Amino acid sequence: MKIFKSGFQQQPDIIFTSRYDFHLSENTTVKPSNKFIPNYFSDMPRNYEKDESNKRGYNKTAKNCPSFTDVFNEGYVIPSPCDIWLYSKGNDWRWETAKPFDFINIVEHSDNQLTDYLPNTNIKHIFKINNMWDVITPKGWSVRQIPMVYHFNPHWYVSYGVIDTDKYHEVNIQILFTSERDEVFISQGEPLCYIVPFERKKINMKIEEYSTIEKTLLKSQYDMLGKFNGSFKRNRSK
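Along each chain, residue indices are assigned from 1 in the same order as the chain's sequence is written. The predicted nature of this model means local features are confined to residues of pLDDT at least 70 and side-chain atom pairs, given and counted, to a pLDDT of 80 or more, with totals for whole chains, interfaces and linings taken over all residues. With hydrogens and water set aside, each side-chain value is computed from the structure's full complement of heavy atoms.

K.L.:
Quick rundown of the overall build of the chain? Include the residues and the values.
P.N.:
Here a strand is any run of E in DSSP of at least two residues, a helix any run of H or I of at least four, and the numbering for each starts at the N terminus. Helices and strands together make up the secondary structure of the chain, namely 4 helices and 17 strands. In this scheme, a residue with accessible area under 20% of its type's maximum is buried, one over 50% is exposed, and one in between is partly exposed, where area comes from a 1.4 Å probe on protein chains only. Buried positions account for 33% of the 238 residues belonging to the chain. In the chain, of all internal contacts separated by at least 6 residues, the share reaching a separation of at least 24 is 67%. Should any heavy atoms of two residues lie within 4.5 Å, those residues are considered in contact.

K.L.:
How would you sum up the nonpolar core? Please name residues and give values.
P.N.:
If you look at the biggest cluster of nonpolar residues, it comprises 28 residues, and the most contacted ones within it are I78, L86, I129, M132, I173, I175 and L192. Those elements that place two or more of their residues in this core are β8 (84-89), β11 (125-136), β13 (156-158), β15 (170-177), β16 (183-186) and β17 (191-199). If you tally residues by element for this core, the top one is β11, at 5 residues. What I175 contacts, discounting residues up to four positions off in sequence, is L86, H125, I126, F127, I129, W156, Y157, V158 and L192. Residues belong to a common nonpolar core when they are buried Ala, Val, Leu, Ile, Met, Phe, Trp, Tyr or Cys residues joined through side-chain atoms within 4.5 Å.

K.L.:
Break down the pairing of β17 for me, citing the residues and quoting the values.
P.N.:
Burial of β17 is extensive: 7 of the 9 residues sit out of reach of the surface. The sheet contact formed by strand β7 (residues 76-79) and β17 spans 4 bridges and is antiparallel. Residue pairing across strands places Y76 opposite I195, the latter belonging to β17. Strand pairing is defined by DSSP finding a minimum of two bridges between the two strands. In this structure, strand β12 (residues 141-147) lies alongside β17, joined through 7 bridges in antiparallel fashion. The partner of P147 across the bridge, within β17, is C193.

K.L.:
Please set out the sheet that holds strand β14 (residues 161-163) residue by residue, giving values where relevant.
P.N.:
Adjacent strands of a sheet pair through backbone hydrogen bonds, lying either parallel or antiparallel. Strands sit in the order β4-β7-β17-β12-β14 across an open sheet of 5 strands; the sheet is antiparallel. Across the chains shown, the open sheet's two edge strands, defined by having one partner strand only, are β4 (31-32) and β14. The pairing of β12 with β14 spans 3 bridges and is classified as antiparallel. When the bridges of β14 are listed, V143 appears paired with I163.

These figures capture arrangement, not role.
As structure tokens, this is what we get:
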């Protein structure tokens, strides 16, 4: 495993490799997740209506919230390698890819593997795209396969999963078919899922009395929230 040195710290690599050379095309290669921020979020202003009761004169949108912005900047995204057509109606399921990509293998997870046991599910069928990418991480590191959160796709999404990619490198992407339609179309380059690496470390859970850690929490607030955000400072200087 290749390791880069940054000062006194070692920065591990996550390696993506494809037997089909998907890295050769911008349409098909893995990219950082911030390349797939939804348009509605990119276009969202940081502030909305004026509010005289607010000392700064306006109310903030979700674009100021780290829980959104950090999600859109974490990890990497695997895009669809080509146009994919999926069909599911009753026991009839089919799929098709753009002709030059007929080497891609899509199989099903039969209902008796999972769907039959799910309560009140809207999953009509589960398709699996086999091994488009292999992912290699250093010893003790895994990845989370995460659906494209806040993209609000009503027709399909990829299942959440954890893969110990220091041992098992194939990434087989499960497409959960949820559409009210009988068929869905996935375009080449459309984001399928996030891949987020993490180090496997045990962590102890504790429940503490609030009074024992109140000063620690207060210090965090002082450290993090004591400054105006960048957009406010830019607007003030105009």
